[in-house]
Amino acid sequence: MDAAVSPLRRALVLGSTSPYRRELLARLRLPFETVAPHVDETPRPGEAPAALAQRLARAKAEAVARLRPEAIVIGSDQVADLDGAALGKPGTHERAVAQLRAMSGRTVRFHTALAVVCGASGFAAQELATVEVRFRTLADAEIERYLRAEQPYDCAGSAKSEGLGIALLEAIVSDDPTALVGLPLIRTARLLRTAGLELP
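Predicted model, so just to flag it, every value in this text is computed and none were measured.

1. Comments concerning the overall build of the protein
Point 1. Within the protein, the secondary structure is distributed over five helices and seven strands.
Point 2. When the helices and strands of the protein are placed in sequence order, the string is β-α-β-α-β-β-α-β-β-α-β-α.
Point 3. Taking 200 residues into account, the globule formula puts the C-alpha radius of gyration at 16 Å, and the protein, at 17 Å, falls close to it.
Point 4. With an accessible surface of roughly 9,600 Å², the protein has 51% of that area assigned to carbon and sulfur atoms.
Point 5. A gap of 2 Å separates the mean positions of the 25 positive and 24 negative side-chain charges of the protein.

Right under this line is the structure:
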């Protein structure tokens, strides 16, 4: 540990511009800043969805830690996994329709990876939270109504469980409930405590 700066005085930085992660981290009532990590998120050939999420979370944390070496930096990434194939953010209505049709009546695993890094102290740790989501059998009309209402085109898997998307589901199985929204707060709190920050 770098003795010059107490962990209690280190800045906390979220290496993400996601409004969902920002809202989640705010629940911990710690002051923090956000910095865009500027990381290439292209999957590598043959890369498994969980491995992709973990690599990108670490890359995001490390990229921001290079800019802010004295800070404690959080990086996170989520990849939806349907039978071993990664489902990214749809970006368009047509891709979202295709994703929801593919997930209809199926179980999808959402891998949310977390990395906490401090360049000055040398601290680096990672966690992975996997959430199993069982989708109902969805009619095309249901898919269309949902997408028009919520437009979740920036969400992996094309559904917001914290919003109307919950109506598309049969069950969510998780040991860290906020992981599905984008940041596993139980694991985040654990790693921040390990890094030296005080939480309630």
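2. Here's the deal with the packing of helix α3 (residues 93-103) against helix α4 (residues 140-150)
Point 1. Running from amino to carboxyl end, α3 crosses α4 at an angle of 135 degrees, the nearest separation of the two axes being 10 Å. Classified by the angle between their axes, α3 and α4 sit oblique to one another. Of the two elements, α3 crosses α4, and the hand of that crossing is right-handed. Residues His 93, Ala 96, Val 97, Leu 100 and Arg 101 of α3 form the contact with α4, whose participating residues are Asp 140, Ile 143, Glu 144, Tyr 146, Leu 147 and Arg 148.
Point 2. Counted by class, the contact of α3 with α4 contains six nonpolar, one polar and four charged residues.

3. Here's the deal with the environment of Thr 92
Point 1. Take Thr 92: it is sitting in the loop between β4 (85-87) and α3.
Point 2. Measuring from C-alpha to C-alpha, the distance between Thr 92 and Gln 151 comes to 9.0 Å, with 59 residues separating the pair along the chain.

4. Comments concerning α3
Point 1. Within α3 the residues assigned to the buried category are His 93, Ala 96, Val 97, Gln 99, Leu 100 and Met 103. Axial view of α3: buried residues confined to an arc of 165 degrees, hence all on one face. For α3, the exposed residues set more than 90 degrees away from the buried face come down to Glu 94 and Arg 95.
Point 2. Buried residues along α3 sit in contact with β3 (72-82), β4, β5 (107-118), β6 (123-135) and α4.
Point 3. One or two steps after α3, the chain reaches Gly 105, where phi turns positive at roughly 75 degrees.

5. A short note on the side chain of Asp 77
Point 1. Considering the arrangement of structural elements, one finds Asp 77 in strand β3.
Point 2. Polar contacts involving the side chain of Asp 77 include one to the side chain of Lys 60, which spans 2.8 Å.
Point 3. When near neighbours in sequence (up to four residues on either side) are disregarded, Asp 77 contacts Arg 21, Glu 41, Ala 53, Leu 56, Ala 57, Lys 60, His 111, Thr 112 and Ala 113.

6. Let's talk about the pattern of salt bridges
Point 1. Going through the model one piece at a time under the given rule, you end up with 14 salt bridges.
Point 2. A salt bridge links Glu 132 to Arg 109; the shortest N-O distance between them is 3.9 Å. With Glu 132 in strand β6 and Arg 109 in strand β5, this pair connects stretches of sequence that are 23 residues apart.

7. Things to note about the nonpolar core
Point 1. Core analysis: the largest hydrophobic core is formed by 24 residues, its most contacted members being Leu 100, Phe 135, Leu 147 and Leu 168.
Point 2. Of all the secondary-structure elements, those providing two or more residues to this core are β3, α3, β5, β6 and α4.
Point 3. In contact with Leu 100, other than residues within four places in its own chain, are Phe 135, Leu 138, Ile 143, Tyr 146, Leu 147, Gly 157, Ser 158 and Leu 168.
Point 4. Listed in part, the 21 residues of the second largest apolar core include Leu 25, Ile 72, Ala 189 and Leu 197.

8. A closer look at unusual backbone geometry
Across residues other than glycine, the phi torsion is negative in most instances, and most of the peptide bonds are trans.
Point 1. Its identity is not glycine, yet His 38 carries a phi of approximately 50 degrees, on the positive side.
Point 2. In this fold, His 38 is placed in the loop between β2 (33-34) and α2 (49-67).
Point 3. Given a relative accessible area of 74%, His 38 falls into the exposed group.
Point 4. Although it is not a glycine, Asp 83 sits at a positive phi angle of roughly 55 degrees.
Point 5. Along the polypeptide, Asp 83 turns up in the loop between β3 and β4.

So, how was this worked out
- Residues numbered from 1 in each chain as written.
- Predicted model: local features only at pLDDT ≥ 70, side-chain atom pairs only at ≥ 80, totals over all residues.
- Heavy atoms only, no water.
- Helix = DSSP H or I, 4+ residues; strand = E, 2+ residues; numbered from the N terminus.
- Rg over C-alpha atoms; globule rule 2.2 N^0.38 Å.
- Areas by Shrake-Rupley, 256 points an atom, 1.4 Å probe, with all protein chains shown as cover.
- Lys, Arg positive; Asp, Glu negative; His and termini not counted.
- Charge placed at Lys NZ, Arg CZ, Asp CG, Glu CD.
- Axes fitted to C-alpha atoms, helices over the stretch in contact; angles between N-to-C directions.
- Parallel < 35°, antiparallel > 145°, perpendicular 65-115°, else oblique.
- Left-handed = near helix turned anticlockwise from the far one by under 90°.
- Contact = heavy atoms within 4.5 Å.
- Nonpolar A, V, L, I, M, F, W, Y, C, P; charged D, E, K, R; others polar.
- Buried < 20%, exposed > 50% of the residue type's maximum accessible area, 1.4 Å probe, protein only.
- Arc of directions from axis to C-beta.
- Polar contact = N/O pair within 3.5 Å; in protein donor to acceptor, adjacent residues only side chain to side chain.
- Salt bridge = Lys/Arg side-chain N within 4 Å of Asp/Glu carboxyl O.
- Core = buried A, V, L, I, M, F, W, Y, C linked by side-chain atoms within 4.5 Å.

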